[in-house]
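Below, each chain spelled out in residue letters.
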Amino acid sequence: MQYRNLGITKEKVSTLGFGTMRLPVLKDNEDINKTEASEILTYGIDNGINIIDTAYTYHGAVFDKKGNSEAFLGEFLSENSYRDDVLISTKSPCWLIEKEDDFTNFLDEQLKNLKTDYIDIYLLHNITLEQWQKCQEYDVIKFLEEAKEDGKIKNIGLSVHCDLWDLAEMVYAYDGWDVCLTQMNYVDEAYQTGREGLEYLKSEKIGTMIMEPLREGTLVNNLPQDITNLLNKFEVKRTPLQWALEYLWDMQEVDCVFSGMNSLEQVKQILK
């Protein structure tokens, strides 16, 4: 495994991170297959992955309500004594905040779900400029700084699906961001924050984490024939998976790439 510094934080992260939005399930999305999920997480951690990303809403019946990913992860890490081996990244459900105390209430609930005293990376989830303005009304910065001072959070950041200008406004409004999670892959260079966003974050010394590196699998499954022909013309031969991941890992602006893996075969292939 290769490791990189996460911005100017004190964290050294594996270049491949484990995303837990799409763990294997038994029947419904909220019904995580704990046996298979534990198997693939164990293999990933034992082979060098040291950062896992989750969220309050992952693996729920609907996306914007509480899910089961955090509770499963907390149980898994506790039962297997892996907590000290990995960094946990999770997120505050900003759209559910209705009063100032909600920030603390959600964080305390998440700490309980994850069976931990602290969260390594705490992000404002899918934060938009409108939500950011609402969060400011509820003193979100005060909450984040106090939680960090109290040791409940080690690093704070943003998880965004917005354009570069909205991101820049949020970064400009507060100089305490440690990390940012953005969507990026080789077809999204000009989508949302895009390539310029990564360059901007790096110039601000903010750690960069990538989601959707495979565009929900569309960059590796059933590629159009003309794209396959184009890739095959290169002297260096790579699989579609290798092309997608190497594209990101070759960027000096990228610190960590999260992949949502839901089978042991996928984990082994991506680790290789």
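A short tour of the structure in this document, coming up. (Residues numbered from 1 in each chain as written. Predicted model: local features only at pLDDT ≥ 70, side-chain atom pairs only at ≥ 80, totals over all residues. Heavy atoms only, no water.)

## Describing the environment of Cys135
Tracing the sequence through the fold places Cys135 in helix α4 (residues 129–137). Taking the relative accessible area as the measure of exposure, Cys135 reaches 2% and is therefore buried. Remark: the alpha-carbon pair of Cys135 and Trp95, spanning 40 residues in sequence, is separated by 9.0 Å. Setting aside its immediate chain neighbours within four residues, Cys135 contacts Cys94, Phe103, Ile127 and Val140. (Helix = DSSP H or I, 4+ residues; strand = E, 2+ residues; numbered from the N terminus. Buried < 20%, exposed > 50% of the residue type's maximum accessible area, 1.4 Å probe, protein only. Contact = heavy atoms within 4.5 Å.)

## As for the sheet that holds strand β10 (residues 256–260)
As summarised here, the arrangement of the eight strands in space is β3-β4-β5-β6-β7-β8-β9-β10, forming a closed barrel in which the pairing is parallel. The sheet shows a mean angle of 30 degrees between the axes of neighbouring strands, taken without regard to direction. Here strand β3 (residues 16–19) pairs with strand β4 (residues 51–53) via two bridges, running parallel. Among the inter-strand pairings, Phe18 is bridged to a residue of β4, identified as Ile52. Running over the sheet, helix α3 (residues 101–113) touches β5 (87–92), β6 (119–124) and β7 (153–160) and is turned about 140 degrees from β6. (Pairing = 2+ DSSP bridges. Axes fitted to C-alpha atoms, helices over the stretch in contact; angles between N-to-C directions.)

## Focus on the nonpolar core
Phe18, Leu77, Ile127, Leu158, Leu167 and Trp177 are the most contacted members of the largest nonpolar core, which totals 66 residues. Top element by residues in this core is helix α9 (residues 240–249). It accounts for six residues. Those residues within four positions of Leu158 in sequence are excluded, and the remaining contacts are Leu123, Leu124, Ile127, Leu167, Met170, Val171, Trp177, Val179, Cys180 and Leu181. Ranked by size, the runner-up nonpolar core spans twelve residues in total, among them Val13, Leu87, Met211 and Phe258. (Core = buried A, V, L, I, M, F, W, Y, C linked by side-chain atoms within 4.5 Å.)

## Some details on the pattern of salt bridges
Taken as a whole and assessed by the stated rule, the structure comprises 16 salt bridges. Between Arg83 and Asp120 there is a salt bridge, and its shortest N-O distance comes to 2.9 Å. Of the two residues, Arg83 is situated in the loop between α2 (69–79) and β5 and Asp120 in strand β6; the sequence distance between them amounts to 37 residues. Residue class for Asp120 comes out buried when judged on its relative accessible area of 1%. (Salt bridge = Lys/Arg side-chain N within 4 Å of Asp/Glu carboxyl O.)

## Notes on helix α5 (residues 140–149)
Buried residues of α5: Val140, Phe143, Leu144 and Ala147, and no others. Along α5, the residues classed as buried sweep out an arc of 95 degrees about the axis, all on the same side. In this structure, the buried residues of α5 make contact with α3, β6, α4 and β7. Gly151, located one to two residues past α5, shows a positive phi value of around 85 degrees. (Arc of directions from axis to C-beta.)

## Overview of the packing of helix α6 (residues 164–173) against helix α7 (residues 194–203)
Two numbers describe how α6 lies on α7: the axes approach to 10 Å, and their chain directions differ by 15 degrees. Between α6 and α7, the angle falls in the class roughly parallel. Taken as a pair, α6 and α7 cross one another with a handedness that is right-handed. Only Glu196, Gly197, Tyr200 and Leu201 of α7 make contact with α6, whose side of the interface consists of Leu164, Leu167, Ala168, Val171 and Tyr172. (Parallel < 35°, antiparallel > 145°, perpendicular 65-115°, else oblique. Left-handed = near helix turned anticlockwise from the far one by under 90°.)

## What to know about the environment of Gly157
On the secondary structure map, Gly157 appears in strand β7. On the basis of relative accessible area, Gly157 is assigned to the buried category, the value being 1%. Spatially, the C-alpha atoms of Gly157 and Ala55 are 13 Å apart, while their sequence positions differ by 102 residues. Those residues within four positions of Gly157 in sequence are excluded, and the remaining contacts are Tyr122, Leu123, Leu124, Trp177 and Val179.

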